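Listed here are the chains, written in short residue letters.
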Amino acid sequence: MVMFKVSRVATTPIDGQKPGTSGLRKKVKVFMQPHYLHNFVQSTFNALSADKVRGATLVVSGDGRYYSKDAIQIIIKMSAANGVRRVWVGQNGLLSTPAVSAVMRERLGADGSKGSGAFILTASHNPGGPHEDFGIKYNMENGGPAPEVITDKIYENTKTIKEYLIAEDLPDVDISAIGITSFTGPEGQFDVDVFDSASDYVKLMKSIFDFQAIQKLLSSPSFTFCYDALHGVAGAYAKRIFVEELGAQESSLLNCVPKEDFGGGHPDPNLTYAKELVGEPPEFGAAADGDADRNMILGKRFFVTPSDSVAIIAANAVKAIPYFSDGLKGVARSMPTSAALDVVAQHLNLKFFEVPTGWKFFGNLMDAGMCSVCGEESFGTGSDHIREKDGIWAVLAWLSIIAYKNKDNLSGGKLVTVEDIVRQHWAIYGRHYYTRYDYENVDAGAAKDLMACLVKLQSDLTEVNKIVKGIRSDVSNVVNADEFEYKDPVDGSISKHQGIRYLFGDGSRLVFRLSGTGSEGATIRLYIEQYEKDPSKIGRDSQEALGPLVEVALKLSKMEEFTGRSAPTVIT
Ligand code: G16
């Protein structure tokens with residue numbers, strides 16, 4: 001067995017290592033600076049209790065973006081030096097974010113390993129390549145992202161770090177070959193276990209869904225299906241699940257070879273970036289982001305908003321998905337997500353929670369058995385089968401619902417389509433017209449000023465309504481305006497400043513937030529929502545229906561004045 005020594009390397013703090021909504025995301029060239037990744041990894045080890053490091057098992061993998069392979073070798077060497085017992089790596093360093101969560105819950109627990117955690121190497125939906133983004137985040141033993149108390153500690157540690165530990169003489173491990181490589185260090189044996197990236201995840205999906213029912217749907221002559229992985233890590237799962245297990249045609253997979261630079265594209269599954277899928281619509285289309293935790297659901301020339309998607313999944317889960325056959329424990333959404341899920345929860349008498357943006361906030365609810373299905377407007381949908389949002393799970397959930405709705409007419413008749421399912425849902429529950437405007441990479445100072453101005457305005461609702469009515473007299477009055485604050489019902493922790501809300505008398509909402517996932521400058525997100533219960537008014541074009549509120553939002557926030565932008569970068 002190869003022996004290794006532990007080196008203590010002197011370092012100094014590097015500015016700007018504060019984890020955002022989901023980990024630290026920066027340009028690759030920032031991560032490649034001397035000590036940059038090392039400082040963050042050591043600061044993470046130092047933020048954890050000793051038993052979560054010494055003798056522990058760590059999963060280290062990600063979406064395969066540029067710099068991942070180097071980063072994995074660095075983290076292996078630092079893990080060895082910090083007394084970790086074994087590191088688990090998906091073959092070629094690939095594991096989707098949901099698969100990491102699945103592996104932690106299914107496999108690490110089962111093998112008796114203690115104190116497990118994971119470093120997930122991804123910048124999610126941000127582009128990859130030498131000039132683009134890299135990212136890293138730490139997940140806890142329950143398979144979910146580290147909570148704020150840990151990420152705050154990590155950040156504090158990055159500001160005072162003086163040294164890191166590394167086994168510099170440990171040879172690079174071949175992560176392309178499945179198998180265990182063992183080494184000996186000052187504290188005994190250290191193993192690197194490279195395993196198949198997909199098998200645990202595929203097994204889990206088969207235990208949740210009725211694969212036979214989905215298979216029947218996919219083989220129906222009237223049904224067409226297409227899945228676009230945008231060259232992200234979802235490709236490593238799509239072939240195994242959709243083609244090998246469910247019998248879809250190989251031609252139904254688009255961009256399913258994972259690439260370090262996502263083929264030069266932007267691996268963000270929305271109407272702007274998943275262009276190929278939007279251009280050639282099948283009966284059912286879906287797309288994923290870089291690390292496969294996001295999803296976009298499409299019918300034939302019909303976009304399902306993520307807010308509607310989670311509501312529709314919740315409304316149909318018990319009948320269409322075997323995992324939920326005993327009922328739902330509760331449902332949850334992030335604050336800016338539309339209230340479509342709230343209405344379903346009321347109708348079905350389900351526990352309901354509204355949390356801040358960030359999947360980590362769902363974890364406590366799920367661990368406490370209070371929530372089964374949850375979702376976010378940012379193309380994230382999932383359930384308590386793991387502690388991350390899950391792109392392929394969402395696609396399988398939709399395929400299950402379509403299969404259920406068509407169980408009696410799969411032999412050639414007219415199918416109930418995605419659009420039919422959504423329209424039927426609106427007819428029962430009403431429709432939440434919804435849109436999000438993103439202003440990407442605006443000047444950080446200008447963005448801060450815009451937000452500060454909106455907060456200041458909130459202290460005087462009479463003044464707000466004077467301005468609003470001056471812009472559009474046909475919108476309802478603002479009845480409340482605040483900054484969203486969340487008290488976790490499980491551990492009582494409080495998260496402040498989670499988005500600026502303007503709430504209107506008719507249930508409409510304007511929400512303003514700064515994104516926590518960008519790598520440069522600031523991204524302003526504006527979320528606009530309006531509820532329509534009247535069945536004769538639920539069929540309008542959403543941009544047209546929301547026109548007056550959009551006008552109010554842009555003028556009230558002085559968007560163009562502050563940012564110099566006359567139009568958003570992306571509208572969804
Ligand atoms: C992350 C979080 C999500 C969050 C999203 C958007 O997603 O996991 O819970 O909704 O960021 O964040 P923001 O609006 O701050 O950019 P991902 O897919 O980027 O990991």
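See above for the structure.
Procedures and definitions
- Residues numbered from 1 in each chain as written.
- Predicted model: local features only at pLDDT ≥ 70, side-chain atom pairs only at ≥ 80, totals over all residues.
- Heavy atoms only, no water.
- Buried < 20%, exposed > 50% of the residue type's maximum accessible area, 1.4 Å probe, protein only.
- Helix = DSSP H or I, 4+ residues; strand = E, 2+ residues; numbered from the N terminus.
- Contact = heavy atoms within 4.5 Å.
- Pairing = 2+ DSSP bridges.
- Axes fitted to C-alpha atoms, helices over the stretch in contact; angles between N-to-C directions.
- Parallel < 35°, antiparallel > 145°, perpendicular 65-115°, else oblique.
- Left-handed = near helix turned anticlockwise from the far one by under 90°.
- Nonpolar A, V, L, I, M, F, W, Y, C, P; charged D, E, K, R; others polar.
- Salt bridge = Lys/Arg side-chain N within 4 Å of Asp/Glu carboxyl O.
- Near = heavy atom within 4 Å.
- Polar contact = N/O pair within 3.5 Å; in protein donor to acceptor, adjacent residues only side chain to side chain.
- 1 Å grid on protein atoms, 1.4 Å probe; cavity = no way out; pocket = protein on both sides within 12 Å on 5 of 7 lines; lining within 4 Å.
- Sits in = over half its atoms within 2 Å of the grid points.
- Points joined across faces, edges and corners; volume = space filled by probe spheres on them.
- Expected span 1.5 Å × (residues − 1).
- Arc of directions from axis to C-beta.

Q: Looking at this structure, I do not really get helix α11 (residues 340-348). What am I missing?
A: Within an α-helix, residues lying three or four positions from one another point in the same direction, as the helix has 3.6 residues per turn. Among all positions in α11, only Ala340, Leu341, Asp342, Val343, Val344 and Ala345 are buried. On its buried face, α11 is in contact with α10 (306-320), β16 (331-334), β17 (352-355), α14 (418-429), β20 (431-442) and β26 (522-532).

Q: Please clarify how the sheet that holds β17 should be interpreted in this entry.
A: Paired through their backbone hydrogen bonds, the strands of a sheet run either parallel or antiparallel. A sheet is described by the order of its strands in space; here four strands give the open sequence β17-β16-β18-β19, paired in mixed fashion. Both edges of this open sheet fall to β17 and β19 (380-383), since each of them pairs with a single strand only. With direction set aside, neighbouring strand axes in the sheet form an average angle of 15 degrees.

Q: Whenever I open this one, the packing of helix α16 (residues 461-471) against helix α18 (residues 547-556) confuses me. Can you help?
A: Helices that pack against each other are described as a pair by the angle of their axes relative to one another and the distance between those axes. With their axes 9 Å apart at the nearest point, α16 and α18 run at an angle of 125 degrees to one another. Here α16 lies oblique to α18, going by the angle between them. When you trace α16 past α18, the crossing you get is right-handed. For the pair α16 and α18, the contacting residues are Ile467, Val468 and Ile471 in the first and Glu551, Val552, Lys555 and Leu556 in the second. Partitioning the contact of α16 with α18 into residue classes produces five nonpolar, no polar and two charged.

Q: Can you walk me through the pairing of β20 in this structure?
A: Regular strands have side chains that alternate between both faces of the sheet. Among the 12 residues of β20, 10 are classified as buried, and the element is accordingly described as predominantly covered. Strand direction decides the pairing type here: β20 and β26, joined by 10 bridges, are antiparallel. When the bridges of β26 are listed, Thr435 appears paired with Ile528. As defined by bridge partners, β20 adjoins strand β27 (residues 570-571) across two bridges and the pair is classed as antiparallel. Residue pairing for β27: Asp438 is matched across the bridge by Val570.

Q: What's the story with the pattern of salt bridges in this structure? I'm lost.
A: When the charged atoms of two side chains with opposite charge come close together, those side chains can pair. Per the stated rule, a full pass over the model turns up 35 salt bridges. Residues Arg54 and Glu187 are paired through a salt bridge, measuring 2.1 Å at the closest nitrogen-oxygen approach. With Arg54 in the loop between α2 (36-47) and β4 (57-62) and Glu187 in the loop between β9 (179-185) and β10 (188-195), this pair connects stretches of sequence that are 133 residues apart. Classification of Arg54 by relative accessible area gives partly exposed; the value is 40%. Within this structure, Arg333, Asp342, Glu354, Asp482, Arg501, Arg509 and Glu529 form a network of salt bridges that share partners.

Q: Sorry, what's going on with the site of the ligand here?
A: Within the structure, the ligand sits among 19 residues, and Glu376, Ser515, Gly516, Thr517 and Arg525 are positioned closest to it. Between Ser124 and the ligand, the recorded distance is 2.8 Å, taken from a side-chain N or O atom to an oxygen atom. Within the side chain of Arg525, a nitrogen or oxygen atom sits 2.6 Å from an oxygen atom of the ligand. The pocket occupied by the ligand, as judged from atoms lying within 2 Å of grid points, is the largest cavity. For the shell around the ligand, the per-class residue count stands at one nonpolar, 10 polar and eight charged.

Q: Whenever I open this one, empty space enclosed by the protein confuses me. Can you help?
A: To find the voids left in a structure, one rolls a probe of water-molecule size over its atoms. Counted under the stated rule, the structure contains three cavities of 30 Å³ or more. Its volume calculated, the largest cavity comes out at about 260 Å³. In terms of lining residues, the largest cavity is bounded by 26 residues, among which Thr21, Ser22, Arg294, Lys389 and Thr517 are the most central. Across the lining of the largest cavity, the residue classes tally to three nonpolar, 10 polar and 13 charged.

Q: Would you mind showing me how to read the side chain of Thr21 here?
A: Checked against the element boundaries, Thr21 lands in the loop between β2 (7-10) and β3 (24-27). Beyond its immediate stretch of four places on either side in the chain, Thr21 contacts Thr357, Gly358, Lys360, Arg513, Gly516 and Thr517.

Q: What is the right way to look at helix α15 (residues 444-457) in this model?
A: Taking 1.5 Å per residue, 14 residues should reach 20 Å; α15 reaches 20 Å between its end C-alpha atoms and fits that length. Of the residues making up α15, those classed as buried are Ala446, Ala447, Leu450, Met451, Leu454 and Leu457. The buried residues of α15 occupy one face: seen down the axis, they fall within an arc of 135 degrees. Those residues of α15 that are exposed and aimed more than 90 degrees away from the buried face are Lys448 and Lys456. For α15, the capping residue at the N-terminal end is Asp443, with a side-chain oxygen 3.2 Å from the backbone nitrogen of Gly445.

Q: Could you clarify how one ought to interpret the environment of Lys5 in this entry?
A: Of note, Lys5 is situated in the loop between β1 (2-3) and β2. Sequence separation between Lys5 and Ala80 is 75 residues; the distance between their C-alpha atoms is 9.3 Å. Filtering out sequence-adjacent residues up to four positions away, Lys5 remains in contact with Ile166, Ala167, Glu168 and Asp169.

Q: What's the story with the sheet that holds strand β25 (residues 509-514) in this structure? I'm lost.
A: Pairing is antiparallel across the open sheet formed by six strands, whose spatial order is β21-β24-β25-β26-β20-β27. Of all strands in the sheet, those bounded by a partner on one side alone are β21 (478-483) and β27. Where β21 meets strand β24 (residues 500-504), five bridges bridge the pair, whose relative direction is antiparallel. Across the sheet, the residue bridging to Val478 is Phe504, located in β24.

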